[in-house]
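Chain by chain, the residues run as shown.
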Amino acid sequence: MSPKLNATTKEHIARLTQAYVSHRPVIQRGLTAGFVLFVLSTTFGSLFAKARHSSGSKGEKGKGKEEDSKKPPRVAVDAVFYQRLSNILRIVIPGIRSKEALLLFMHSSLLVFRTVISLYVAALDGKIVASLVRAQPLNFLLNIAKWLLVAIPATWTNSWLSYVQNKLALAYRTRLTDAVMKEYLGTEEDPNGKVFYKLANLDDRIKNADQMITHDIQRFSTHLAAIYANLAKPVLDVILYNYQLSQNVGAEGLVLLTVLIHSSSALLRALTPPFGKYTAISAQLSGAFRHTHSRLAEFAEEIAFFGGEETEKLLVEREYAGLVKHENTVLRRRWWHGCVEEGIVKWLWGSFGLCICAIPVFFRLPGAHTFDLGSRTEGFVTNRRLLLSSSDAVGRVMYSYKDLSELAGYTSRVSLLLETMSDIRKGKFEKALVASAHNEENAKILRGRGQVIESDEIHFENVPIVTPNGDVLVKSLSFYVKPGQHLLIVGPNGCGKSSLFRILGGLWPVYGGVVRKPPASEFILIPQRPYLSLGTLRDQVIYPHSKADMEARGITDNDLLDILSMVNMANIVEREGGWDAAREWREALSGGDQQKIAWARLFYHKPKYAVLDEATSLVPPDMEGLMMQHATELGITLLTVSHRPSLWKYHSIILQYDGQGGYVFTKLDAEKRLALQQEKEALDAKLLEVPKMKARLEELRAVAAAEA
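Residues numbered from 1 in each chain as written. Predicted model: local features only at pLDDT ≥ 70, side-chain atom pairs only at ≥ 80, totals over all residues. Heavy atoms only, no water.

## With respect to the overall build of the protein
And then number 1: Helix and strand counts for the protein stand at 24 helices and 12 strands.
And then number 2: Across the 708 residues in the protein, those meeting the buried criterion constitute 40%.
And then number 3: Accessible surface, the protein as shown: approximately 39,300 Å² in total, 59% of it carbon and sulfur. (Helix = DSSP H or I, 4+ residues; strand = E, 2+ residues; numbered from the N terminus. Buried < 20%, exposed > 50% of the residue type's maximum accessible area, 1.4 Å probe, protein only. Areas by Shrake-Rupley, 256 points an atom, 1.4 Å probe, with all protein chains shown as cover.)

Next up, the structure:
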């Protein structure tokens, strides 16, 4: 019974073997096609697995918004990342006929050409070794000549790949920077967005926009240009190298190798740390460290006067210690991950490959011909070269997930910048509010929005004055200023004087009522410490105009000299070396001279309204009067914050805050108010003498009592 069963089994095996051999070409093609589909599906499936997992787990735990908002945003290769990347790609590659699309096509063509060259070189390697084994010097020299000839297109391709990739990164950065700057600083068609101001003052989401625009966009563009080569090229290499390998060792060996590699790569992926999250945290900590240093430079004088070096040193060291601690943690995790990664990708996969290459040597494949030693050597060397290239490509596919994670980190930073600027343009702000903002009355004010209407005069109707952190300074303010009516604004610190100017300039939102005002271009602000730009002396007077703008208005340097004469600064042109002299003007000019330059700028532009915030505090009183009088003669309506009584006579109406949310708006009788002010000061002086007089009276009474 047993011999018959064995004979039957052998007969079945023989039939199956015969059927397999006769249909092996079809099976080979099926296995190869299945391998290609498997590579594509597993590559993209593994990249999008995190996305499916992320979107599927959103509703697992019903935590409140408050608890979620306290956590830092999660950075991973998930659905959010792909959505953000898709939005940014529409910016950096605006169309199929764009420069970036052309560069991407060139890059793709070069990648394919380099793979074709690598396949040819692998076959050429085998022929060179075979000619050595067969001791054929003529064939050996001929193959060496082919090797040298193929080096020409190979080196040309590699250099072009590097060049095109760098050009692509630069093109991405240029597109993205242009788009960000249009949102950040506005355009000629929409100059009133003031996003750069609102981003820094009305919203808490971004603390260091300068780093995001300069550093994070650059790193994002570099990673985006590299990720294509690091992902698309390895996938193409895996398919082409393994296809050629299957022709040499059989598709069966290729399937076995795929199973082994896929199993070990799943282990490696499970052990990969979240490098994308680490990248985002590193960028955030670096930005905080840089911001601390920039504050030290900005307020160097104040810190030096207070002797705050030790305190500032502690602040800087605290930021740096946090950065170093994070970087050390990342380095340790990169170290052990690198050990595991190299052990699996290089050594374990290498051993799998050697076994696959040995199949044609130790086993006779169906349909294969008998080869001599040279042919076997040629086949082994060629297969070994193909396998090494394929192993390297698979390794780069594995590495690409780490690169993709880092790209996710920079994508989250750039996307945060774009989303925040978009929200700000829509009037949506996220700012930490004071405790009083949460009571019912103030919360109702913060939820409201007022109306802004363009007009020749200034008219506030029931407008609340609210700071960015939700502090309601005045619940309902109403006043008006007609052209030619100069307004004096007085009150204690923090009552809303400067806040009023920020609403007029379109910097702060209107939370209620109606604001009628001219466009922001009709206002010029002169603060106590004026802004002096980088540039020439001429640029300081005509800012923000250029020399071409000045000449288009028909104004010459002589006209500017006349303007400087009005503020008693005509000598500065000769002193500083002419109109084209460039300095760090904040350091070259005294505080008084800076204020005079700001007044010269006012006389150059001749706006309808001038906002003066302690603008003459460092100017002598006689010069102050001349400048105020000249501004009035030019038809400029003044809105002035000042504690100097000498300025009262230049104003006809007054807005006085009491610091408790109340105010008085009325006509200003400068002479009467000055007389009352002088009488008040005299009474205050007399009241100061009362304690001394009482003390003296007690002394006299004591003396009189003693004599009695």
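## Overview of the pairing of strand E3 (residues 472-481)
And then number 1: Bridge count between strand E2 (residues 458-466) and E3: six bridges; the pairing is antiparallel. If you follow Ile458 over to E3, its bridge partner there is Val481.
And then number 2: In sequence, E2 turns back onto E3 through a hairpin of five residues, with Gly470 there showing a positive phi of about 85°. (Pairing = 2+ DSSP bridges.)

## Some words on the pattern of salt bridges
And then number 1: Scanning the model with the defined rule gives 17 salt bridges in all.
And then number 2: The residue Glu100 makes a salt bridge to Arg175 at a minimum N-O spacing of 2.9 Å. Of this pair, Glu100 sits in helix H5 (residues 99-133) while Arg175 sits in helix H6 (residues 137-185), and the two are 75 residues apart along the sequence.
And then number 3: Residue Glu100 is classed as buried on the basis of its relative accessible area, which comes to 3%.
And then number 4: Judged by its relative accessible area of 32%, Arg175 is partly exposed.
And then number 5: Residue Glu430 pairs with Arg205 through a salt bridge whose shortest N-O separation is 3.7 Å. Remark: Arg205 occurs in the loop between helix H7 (195-201) and helix H8 (209-249) and Glu430 occurs in the loop between helix H14 (373-425) and helix H15 (440-447); sequence separation between them is 225 residues. (Salt bridge = Lys/Arg side-chain N within 4 Å of Asp/Glu carboxyl O.)

## Some thoughts on H15
And then number 1: Turning to H15, its buried residues number three or more, namely Asn442, Ala443, Ile445 and Leu446. With its buried residues spanning 155° around the axis, H15 presents them on a single face. Away from its buried face by more than 90 degrees, H15 exposes Glu440, Lys444 and Arg447. (Arc of directions from axis to C-beta.)

## Examining the environment of Leu142
And then number 1: Along the chain, the position of Leu142 falls in helix H6.
And then number 2: The spacing of Leu142 and Ile128 is 14 residues in sequence and 9.0 Å in space, taken between C-alpha atoms.

## Thoughts on a nonpolar patch on the surface
And then number 1: On the surface, a cluster of nonpolar side chains totalling about 730 Å² of accessible area is made up of Leu102, Phe105, Met106, Phe113, Trp156, Trp160 and Tyr163.
And then number 2: The set of elements that each furnish at least two residues to the nonpolar patch consists of H5 and H6.
And then number 3: Of the residues forming the nonpolar patch, the biggest block, four residues, is contributed by H5.
And then number 4: Looking at the element boundaries, Trp156 is found in helix H6.
And then number 5: Since its relative accessible area comes to 45%, Trp156 is described here as partly exposed. (Patch = residues over 30% accessible without salt bridge, like charges linked within 9 Å, V, L, I, M, F, W, Y side chains within 5 Å.)

## What about the sheet that holds strand E10 (residues 637-641)?
And then number 1: Across the sheet, six strands lie side by side as E6-E9-E10-E4-E11-E12; this open sheet has mixed pairing. The open sheet has two free edges, formed respectively by strand E6 (523-526) and strand E12 (663-667), since each of these has just one partner strand. Neighbouring strand axes in the sheet, compared pairwise and without regard to direction, differ in orientation by 15° on average.
And then number 2: In the sheet, E6 pairs with strand E9 (residues 609-613) via four bridges, with the strands oriented parallel. Bridge pairing in E9 places Ile524 opposite Ala610.
And then number 3: The strands touched by helix H22 (residues 591-605) are E6 and E9; relative to E6, the strand with the most contacts, the crossing angle is about 170°. (Axes fitted to C-alpha atoms, helices over the stretch in contact; angles between N-to-C directions. Contact = heavy atoms within 4.5 Å.)

## Side note on the packing of helix H19 (residues 557-566) against H22
Packed helices, taken two at a time, are described by the angle their axes make and the gap between the axes.
And then number 1: Between H19 and H22, whose axes approach to 9 Å, the crossing angle comes to 130°. On the basis of the axis angle, H19 is oblique to H22. Crossing hand, H19 versus H22: right-handed. Seen from H19, the contacting residues are Leu560, Ile563, Leu564 and Met566; seen from H22, they are Ile597, Ala600, Phe603 and Tyr604.
And then number 2: Class assignment of the residues belonging to the contact of H19 with H22 gives a composition of eight nonpolar, no polar and no charged. (Parallel < 35°, antiparallel > 145°, perpendicular 65-115°, else oblique. Left-handed = near helix turned anticlockwise from the far one by under 90°. Nonpolar A, V, L, I, M, F, W, Y, C, P; charged D, E, K, R; others polar.)

## Description of the sheet that holds strand E5 (residues 514-517)
And then number 1: Ordered by their spatial adjacency, four strands build an open sheet running E1-E5-E2-E3, and the pairing between neighbours is mixed. With partners counted over all chains shown, the strands left at the sheet margins are strand E1 (451-454) and E3, one partner each. Averaged over all pairs of adjacent strands, the angle between their axes in this sheet comes to 25°, without regard to strand direction.
And then number 2: When E1 meets E5, the two strands line up parallel, connected through four bridges. By the bridge assignment for E5, Gln451 is matched with Val514.
And then number 3: This element, H15, spans E2 and E3 of the sheet and lies at about 50° to E3.
And then number 4: Relative to E2, helix H16 (residues 497-504) is tilted by about 120°, and along the sheet it contacts E2, E3 and E5.

## Some details on H16
Residues separated by three or four positions in an α-helix point in the same direction, a consequence of the helix having 3.6 residues per turn.
And then number 1: For H16, a buried count of six out of eight residues is recorded, marking the element as mostly surrounded by other parts of the structure.
And then number 2: Of all the residues in H16, the buried ones are Lys497, Ser499, Leu500, Phe501, Ile503 and Leu504.
And then number 3: Just downstream of H16 lies Gly506, where phi reads positive at about 75°.

## A few points about the packing of H5 against H6
And then number 1: Interhelical geometry of H5 versus H6 gives an angle of 160° and a closest axis separation of 8 Å. As summarised for this structure, H5 and H6 are arranged roughly antiparallel, according to the angle between their axes. The interaxial crossing formed by H5 with H6 has left-handed handedness.
And then number 2: For the contact of H5 with H6, the per-class residue count stands at 25 nonpolar, seven polar and seven charged.

## Here's the deal with the packing of aromatic side chains
And then number 1: Tallied over the entire structure, the rule returns 11 aromatic pairs.
And then number 2: Among the aromatic residues, ring-to-ring pairing joins Phe460, Phe479, Tyr480 and Phe665 into one connected group.
And then number 3: Stacked on the ring of Tyr604, the Lys or Arg Arg553 has its end atom at 4.6 Å from the ring centre. (Phe/Tyr/Trp six-rings, centres within 6.5 Å; stacked < 30°, edge-to-face > 60°. Lys NZ or Arg CZ within 6 Å of the ring centre and 35° of its normal.)

## Observations concerning the confidence of the model for the protein
And then number 1: Considering every residue of the protein, the mean pLDDT works out to 80; 79% of them sit at 70 or more.
And then number 2: Taken together, the stretch residues 50-71 has pLDDT below 50 and engages in 12 contacts with residues farther than four places along the chain or on a different chain. (pLDDT = per-residue confidence, 0-100.)

## Some details on the side chain of Thr420
And then number 1: Considering the arrangement of structural elements, one finds Thr420 in helix H14.
And then number 2: Apart from the residues lying within four places of it in its own chain, the contact partners of Thr420 are Leu199, Asp203, Arg205 and Ile206.

## Some remarks on unusual backbone geometry
And then number 1: Omega for the peptide link from Tyr543 to Pro544 comes to 10°, which places this bond in the cis form.
And then number 2: Mapping Pro544 onto the fold places it in the loop between helix H17 (537-542) and helix H18 (547-552).
And then number 3: At Lys606, a residue that is not glycine, the phi angle is positive and equals roughly 50°.
And then number 4: Even without a glycine there, the phi angle at Glu614 is positive, about 55°.
And then number 5: Here Glu614 lies in the loop between E9 and helix H23 (621-633).
And then number 6: The class of Glu614 is buried, set by a relative accessible area of 17%.

## Quick notes on the nonpolar core
And then number 1: Core analysis: the largest hydrophobic core is formed by 40 residues, its most contacted members being Phe81, Leu176, Phe220, Leu224 and Leu417.
And then number 2: Listing elements by their share of this core, those giving two or more residues are helix H4 (79-92), H5, H6, H7, H8 and H14.
And then number 3: Here this core takes 10 residues from H14, the largest share from any one element.
And then number 4: Leave out the neighbours within four places in its chain, and Leu224 touches Leu85, Leu89, Val92, Tyr172 and Leu407.
And then number 5: Val541, Ile555, Trp579 and Met623 belong to the second-largest nonpolar core, a separate cluster that totals 37 residues. (Core = buried A, V, L, I, M, F, W, Y, C linked by side-chain atoms within 4.5 Å.)

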